[in-house]
Every structure is written in C-alpha cells, then in structure tokens.
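Structural characterization, general
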Amino acid sequence: MAGTITRTQAATANTPGAGYNIDGVGADRRPYSLDDKGVFNVLSDHADINYLRNSGWWFAQRQAPGTLTTYSNVGGRIICADGWGISNENASTQYRRVDTSGAKETGLQSRFWGEFTKITSTGKIAVCQVIEGQEAMNLRGRTVRFQTWAKAIIGTPISLKIGVMSWSGTVDSVPNGAGLMWSAFGANGVDPTLAASFAWLAPKSGVTPDNATASTNAVVASATTTWQRFGMVCDVPDTCKNLIVVVWSDNQVIATNGFGLAQCSLTDGYEVQDWSPMDSQRELVRVQRYYVKTFDLDTLPNTNVGAATGAVASIIGKAGATALASHIVWRYPTTLVKAATTITQYNPEGAGNAPFRTTGTTPAVQTASATANSTSTGVVITSTGDAAGAVGDRVHVHLTADAEL
C-alpha cells in the first residue's frame, strides 16, 4: 500500500526497534534517517529542480567574464552574468566571474563565483534574478527555499539581506528600467520600497533561517571573508506570475567593498539542499533561451574581431549598390523564450554595426542594414550592397540577440 512520509523537525531520536527506521529533519533543516542499528544517515534531495539558471555563475556572455565590468541601474536591473541583474543605489557596480580552477576556495564546490563590487560612491547593491512565468506559476501555493553561498570581498563583514519577491502584473513583463522595481533603496537597515505589482514574500513562520535571522521581508545574514551558506524559506502566493530572488546589502557599501555569491538555488520545499547543477551543456541551453551570440562563449561582443571568429554569412544576390543585395539568416542554437527584444549587429572587419563584404573587389561595409522575420528561432539581416559588390561575394556580420525578461 502506498504511504506518505511526513518530515517534521526533531532532535536526534533514540534508536528505533528492530526492523524500523525513523525519518525526520534535524536542527540544520536536513532530512535524516535513523535505522535499528543506530546508523544515522543525512539525506540529500539531489533530484529537486533548481529553478535558477546560471546558478554556478558559469556564464557572463555580455562581457569578458573574468574582467571587472561596470554596470549601473538605479532601482531597476541591468543584466551582468546571464540571468542575473544588478541594481544599485547610485553609480556604480562592477561584476566579474572568479575562476577557482587554479586554487580551490575552502567551502566551495563550484568552479566559479560572482563578485560584485561597489565603485564611485558609497551605496547599496542588489543582485536579482527573474524566474520565467511558466516555471514560477508551477510554484504557486508552494513553500520554496532560496539558498546561496556568500562572502565579503574585503575584510570588513557585510550585512546582507536574502529575500524573494513576487510579481503579480502581466506575466513575463517584469520591468527593468531605472526606478521601476523599487522607488527607494531605504536607509541602512531599511528595506527598499517596492514599485507597484511587486511584493515581498515574508520568511515562513516556524522555519529557522539558514545561518541567518528572520526580519519582516527577508532574512539578515552577516557575510565574512569565509564562504558560508545562507537561506530563507517562504510561501508563494496564488497571485504570483513571476518570482524574483534578491540578495542586497542591508547597509551602504563603501567603494571597493562588496560581496561574492556562489552555488545559488531556488527549490520546491523547505529542506536545505546540496547544490546539484546540471551538466554544462544543459546549463548553457538554459541561459541561451534568453541571450545568444555569434561570438565564442567567453568573448566580449565587439566590432573588428574578424569574420573568422564565428560571424554568420551569406553571398550577395544582387550586384552593386542595390537594396536587399544580401540576406543573412541566423538560426539560433536553441529556441528563445520569446522573439528577441534587442538584436545588435557588429561589423567583424571594422567599426560600426553593419555587415561587411569580405571577398571580391576592395571589400567594403554594406549599408541600410535591417532585421526581418525575427522570431524565437532566428532572424534575417538584410543590407544594401556597395558599388563594387558582385553576385557571389561573401558578406559577414556578428550578432547578439537578447530576449531577457
């Protein structure tokens, strides 16, 4: 007969009678099983889906990943690492991906982690990710756990708040412009003021936060230079269209200080999770649903990098300075979450954003370049030829397509 195991918080139990097991949840929020031999096993729920993409900070396609790159969006979000948005109280914040392959860092399982540093002015930093609606709405009425490992960048401990917001507006239309997520960051120790249709999901009563203290809207964690796991549990309302996980500095951060994040997860249920990523190819496909490019994965999109570096191409079908002389078809490596909201072109052989004729008499820039037939599966780039262009000459262009929510 099928049965249900109900897990409840408990101290280590006495050894059960012969032939019996005791299942429970310890004070560290991990499920355990105690058998009749007195063997105590801590269980890990590896099969639980991690709803966060790029949870191991592998990908930062919009920049050279290991280079400190400056971002600024006051009260909204601007994407740095794939999926992850930065919001800052004032200018500016820098992001880079840190690679531990040469020297493993104590406490970390993952190869990479994300470093966020405040520059220019003293102020708060927030880092967030929007969960796609078709995933977030599967969690309505459920209890979820948001978990991250974190540390301070320099010796001064930094107070972080770790929380989850819901969006009840139009699905997958979470605004990202300045001031559209929160209208004010608040004083030290005061939570940001949310814009319309956003709501904080309070820490769940009766569930002890993971290495943190519950406050009204989130949990408070003290990050030091030692990696530590922090987590909070909340209930998802039935009105939720999208979920947004957020880590922010509870106090203003002085310039050159900041925090690191690693091994993030959002899972269904309240139990502490061991971080269990998918294989790298499936993780890549998850982020490419929102952003793709013709450049190599860790290459900063830029002009004048050469046609041989992956630029897409076609041949000229009409000679001379003729409209629609070339049609370059770019089929994305995976289907995007929606048709790209922004498609950017890069001349591979010079400055500017137009395709370039790379063969024939005196190679030249093409003109009147435009996009056509843009869908979630690909796009066509058309352009007017140059006077010296001949039928059969090749035309190249590099591209990025951004469909981030």
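We now turn to the structure provided with this report. The structure presented is a predicted model; accordingly, all values stated were derived computationally and were not measured. (Residues numbered from 1 in each chain as written. Predicted model: local features only at pLDDT ≥ 70, side-chain atom pairs only at ≥ 80, totals over all residues. Heavy atoms only, no water.)

1. Considering the overall build of the protein chain
Of the regular secondary structure elements, the protein chain holds two helices and 27 strands. When the backbone C-alpha atoms are referred to their principal axes, the protein chain occupies close to 90 × 55 × 45 Å. Burial status across the protein chain gives 52% buried among its 405 residues. Counted over contacts in the protein chain with a minimum sequence separation of 6, partners at least 24 positions apart contribute 73%. Carbon and sulfur atoms make up 52% of the accessible area of the protein chain, which totals about 16500 Å². Once the 30 positive and 31 negative side-chain charges of the protein chain are each reduced to a mean point, those two points are 3 Å apart. (Helix = DSSP H or I, 4+ residues; strand = E, 2+ residues; numbered from the N terminus. Buried < 20%, exposed > 50% of the residue type's maximum accessible area, 1.4 Å probe, protein only. Contact = heavy atoms within 4.5 Å. Areas by Shrake-Rupley, 256 points an atom, 1.4 Å probe, with all protein chains shown as cover. Lys, Arg positive; Asp, Glu negative; His and termini not counted. Charge placed at Lys NZ, Arg CZ, Asp CG, Glu CD.)

2. Observations regarding the side chain of Thr93
Here Thr93 shows up in strand β7 (residues 93-99). Beyond its immediate chain neighbours, meaning those up to four positions away, Thr93 contacts Thr69, Thr70, Tyr71, Ile86, Asn88, Thr117, Lys118, Ile119 and Ile125.

3. Remarks on the sheet that holds strand β22 (residues 326-331)
Spatially, three strands are ordered β22-β26-β25 in an open sheet, and the strand pairing comes out antiparallel. Strands with a single pairing partner mark the edges of an open sheet, and in this sheet they are β22 and β25 (367-372). If you compare each strand with its neighbour and ignore which way they point, the axes differ by 20° on average. Pairing of β25 with strand β26 (residues 378-384) involves four bridges; the strand directions are antiparallel. Counterpart to Thr367 in the pairing with β26 is Thr384. (Pairing = 2+ DSSP bridges. Axes fitted to C-alpha atoms, helices over the stretch in contact; angles between N-to-C directions.)

4. Some thoughts on the pairing of strand β11 (residues 158-167)
Two faces make up the sheet, and in a regular strand the side chains alternate between them. Burial runs high along β11: nine of the 10 residues are buried. With five bridges connecting them, β11 and strand β16 (residues 219-223) associate as antiparallel partners. When the sheet's bridge partners are listed, Leu160 is paired in β16 with Ala221. As judged from the three bridges shared by β11 and strand β14 (residues 198-200), these two strands associate in the antiparallel manner. By the bridge assignment, Trp167 is partnered in β14 with Phe198.

5. Things to note about the sheet that holds strand β17 (residues 228-235)
If you walk across this open sheet you meet the six strands as β4-β7-β8-β19-β10-β17, and the pairing is antiparallel. Each edge of the open sheet carries a strand with a single partner, namely β4 (69-71) and β17. On average, each strand axis in the sheet is inclined to that of its neighbour by 30°, with strand direction left out of account. As paired strands, β7 and strand β8 (residues 112-118) are joined by seven bridges and run antiparallel to one another. Among the inter-strand pairings, Gln94 is bridged to a residue of β8, identified as Thr117.

6. A word on the environment of Trp275
Summarising the element assignment, Trp275 is placed in the loop between β19 (258-268) and α2 (280-288). Taking the relative accessible area as the measure of exposure, Trp275 reaches 9% and is therefore buried. Between the alpha carbons of Trp275 and Ser55 there is a distance of 9.0 Å; along the sequence they are 220 residues apart. Look past the residues within four positions of Trp275 in its chain and what remains in contact with it is Asn50, Ser55, Gly56, Trp58, Gln109, Ser110, Gln263 and Cys264. Polar side-chain contacts of Trp275 include one of 3.1 Å to the side chain of Ser55. (Polar contact = N/O pair within 3.5 Å; in protein donor to acceptor, adjacent residues only side chain to side chain.)

7. Quick word on the pattern of salt bridges
Under the definition given, this model contains 16 salt bridges. Linking Asp298 and Arg97 is a salt bridge whose minimum nitrogen-to-oxygen distance equals 3.2 Å. Residue Asp298 is located in the loop between β20 (291-293) and β21 (312-315), and its partner Arg97 is located in strand β7; the two are separated by 201 residues in the primary sequence. The class for Asp298 is partly exposed, based on a relative accessible area of 38%. Residue classification places Arg97 among the buried residues on the basis of a relative accessible area of 13%. Taken together, the shared-partner salt bridges in this structure form one network comprising Lys161, Asp191 and Asp250. (Salt bridge = Lys/Arg side-chain N within 4 Å of Asp/Glu carboxyl O.)

8. Remarks on the pairing of β21
Only one face of β21 is buried, namely the one carrying Val312 and Ser314, since none of Ala313 and Ile315 on the opposite face is buried. Summarising the sheet, β21 and strand β27 (residues 394-402) pair through four bridges and their orientation is antiparallel. If you follow Val312 over to β27, its bridge partner there is Val397.

9. A word on unusual backbone geometry
In this structure, the amide linkage connecting Ala91 to the following residue, Ser92, adopts the cis form with an omega of -5°. Counting through the fold element by element, Ser92 comes out in the loop between β6 (84-88) and β7. Its identity is not glycine, yet Asp172 carries a phi of approximately 60°, on the positive side. Relative to the helices and strands, Asp172 is located in the loop between β11 and β12 (182-184). In this structure Asp172 comes out as partly exposed when scored by relative accessible area, which is 24%.

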